[in-house]
Amino acid sequence: MAGKTSAGILLFRRSGEVTEVLLGHMGGPFWAKKDAGGWSIPKGEYEPDEAPEDAARREFREELGLPAPEGEYLPLGQVKQSGGKVVTVWAVEGDLDPAQVVPGTFEMEWPPRSGRTQEFPEVDGAAWFGLAEAEEKLLKGQRPFLVRLGELLNG
C-alpha cells in the first residue's frame, strides 16, 4: 500500500533584500494555542490519479478560499515527514492580502470520545513572515522547503 502524499504551494514575495512567505495557522482545537510550529504551507493530500501540481493548486483554494496564484511554479522537491507522508511543494512569487482568506472547513469529533462532531476552519489565520521568522513558525517537517526556497532565490 502506497504512503500518503500531499502537495502544496509556498507563496513568496520580495521587497529588495527581504523575502517573505505566506503561511497558514492550522485550524482546530489541537493547534489553537500553538504559535511556534503551528503554521503550515497551504497543502493537502491527493490520490495517485491526481497530478501533484494540480492537487497543490486545488488545496491552496480549499485551504485559503482564494485561487492559486498565477506565475512560474518553481519545484522545491519532496520531503518525507516523520509520519511517513511525502510532501511535494512548489514556490510561486505573488501577493495576496491575508485578510481576504476565507478558509475551508473540516469536521472532527470534539471533544475526543464525546460522540459530537464539530466543524473547524482548515486554517484560522494566514500571515506573511520573513524567512527567519517563518522557520520558527513553520512545522518542523516543512522547514526544508524554506531552505530550498532561499537557495533557489540566492542561487
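Predicted, not measured: the structure shown is a model, and the values here were computed from it.

**What about the pairing of strand 1 (residues 5-15)?**
Next, step 1: In this structure, strand 1 lies alongside strand 4 (residues 43-46), joined through 4 bridges in antiparallel fashion. Looking at the pairing, glycine 8 lines up with lysine 43 of strand 4.
Next, step 2: Both strand 1 and strand 6 (residues 86-93) contribute to a ladder of 8 bridges, which runs parallel. By the bridge assignment, alanine 7 is partnered in strand 6 with threonine 88.
Next, step 3: Sheet topology places strand 1 next to strand 2 (residues 18-26); 4 bridges connect them, and they run antiparallel. Looking at the pairing, arginine 13 lines up with glutamate 20 of strand 2.
Next, step 4: Connecting strand 1 to the antiparallel partner strand 2 that follows it, the hairpin turn spans 2 residues, and glycine 16 within it adopts a positive phi of roughly 65°.

**Observations regarding the environment of phenylalanine 145**
Next, step 1: Tracing the chain through its elements places phenylalanine 145 in helix 3 (residues 143-154).
Next, step 2: Here the alpha-carbon distance between phenylalanine 145 and leucine 76, two residues 69 residues apart in the chain, equals 6.3 Å.
Next, step 3: Among residues more than four places away in sequence, those in contact with phenylalanine 145 are Leu10, Ile41, Leu76, Gly77, Gln78, Val79, Val87 and Val89.

**Digging into the packing of aromatic side chains**
Next, step 1: The final tally for this structure, using the stated rule, is 3 aromatic pairs.
Next, step 2: Between the aromatic rings of phenylalanine 30 and tryptophan 31, the centroid separation amounts to 4.8 Å while the plane-to-plane angle is 90°, which identifies the pairing as edge-to-face.
Next, step 3: Note that lysine 34 overlies the ring of phenylalanine 30, its terminal NZ or CZ placed 4.4 Å from the centroid.

**Concerning the layout of surface pockets**
Next, step 1: One number sums up the size of the largest pocket: a volume of about 430 Å³.
Next, step 2: Listing elements by their share of the lining of the largest pocket, those giving two or more residues are strand 4, helix 1 (52-64) and strand 7 (105-109).
Next, step 3: For the lining of the largest pocket, the element with the highest residue contribution is strand 4, accounting for 3 residues.
Next, step 4: The residue inventory of the lining of the largest pocket, partitioned by class, reads 10 nonpolar, 9 polar and 6 charged.

**Here we look at the confidence of the model for the protein chain**
Next, step 1: Across the protein chain, pLDDT averages 94, with 99% of residues at or above 70.
Next, step 2: In the model of the protein chain, strand 7 stands out as the element of lowest mean pLDDT, 92, in contrast to strand 6, which has the highest, 98.

**Concerning helix 3**
Next, step 1: Here helix 3 is 12 residues long and its end C-alpha atoms lie 17 Å apart, about the 16 Å a rise of 1.5 Å per residue gives.
Next, step 2: For helix 3, every residue scored as buried is listed here: Phe145, Leu146, Leu149 and Gly150. What you see down the axis of helix 3 is that its buried residues fit within an arc of 140°, all on one side.
Next, step 3: Buried-residue contacts for helix 3 involve strand 1, strand 2, strand 5 (74-80), strand 6 and helix 2 (131-137).

**Thoughts on the pattern of salt bridges**
Next, step 1: Within the structure shown, the criterion is met by 10 salt bridges.
Next, step 2: Across the pair lysine 4 and glutamate 45 runs a salt bridge, and its minimum N-O distance is 3.9 Å. Of this pair, lysine 4 sits in the segment before strand 1 while glutamate 45 sits in strand 4, and the two are 41 residues apart along the sequence.
Next, step 3: Residue classification places lysine 4 among the exposed positions, given a relative accessible area of 53%.
Next, step 4: For glutamate 53, the salt bridge identified is with arginine 57, shortest N-O distance 3.2 Å. Taken together, the residues span about one helical turn, with glutamate 53 and arginine 57 both in helix 1 at a distance of 4 residues.
Next, step 5: Classification of glutamate 53 by relative accessible area gives partly exposed; the value is 28%.
Next, step 6: With relative accessibility at 27%, the residue arginine 57 sits in the partly exposed group.
Next, step 7: Because the salt bridges share partners, they merge into one network encompassing Glu50, Arg58, Glu59 and Glu62.

Cut-offs and rules
Residues numbered from 1 in each chain as written. Predicted model: local features only at pLDDT ≥ 70, side-chain atom pairs only at ≥ 80, totals over all residues. Heavy atoms only, no water. Pairing = 2+ DSSP bridges. Helix = DSSP H or I, 4+ residues; strand = E, 2+ residues; numbered from the N terminus. Contact = heavy atoms within 4.5 Å. Phe/Tyr/Trp six-rings, centres within 6.5 Å; stacked < 30°, edge-to-face > 60°. Lys NZ or Arg CZ within 6 Å of the ring centre and 35° of its normal. 1 Å grid on protein atoms, 1.4 Å probe; cavity = no way out; pocket = protein on both sides within 12 Å on 5 of 7 lines; lining within 4 Å. Points joined across faces, edges and corners; volume = space filled by probe spheres on them. Nonpolar A, V, L, I, M, F, W, Y, C, P; charged D, E, K, R; others polar. pLDDT = per-residue confidence, 0-100. Expected span 1.5 Å × (residues − 1). Buried < 20%, exposed > 50% of the residue type's maximum accessible area, 1.4 Å probe, protein only. Arc of directions from axis to C-beta. Salt bridge = Lys/Arg side-chain N within 4 Å of Asp/Glu carboxyl O.

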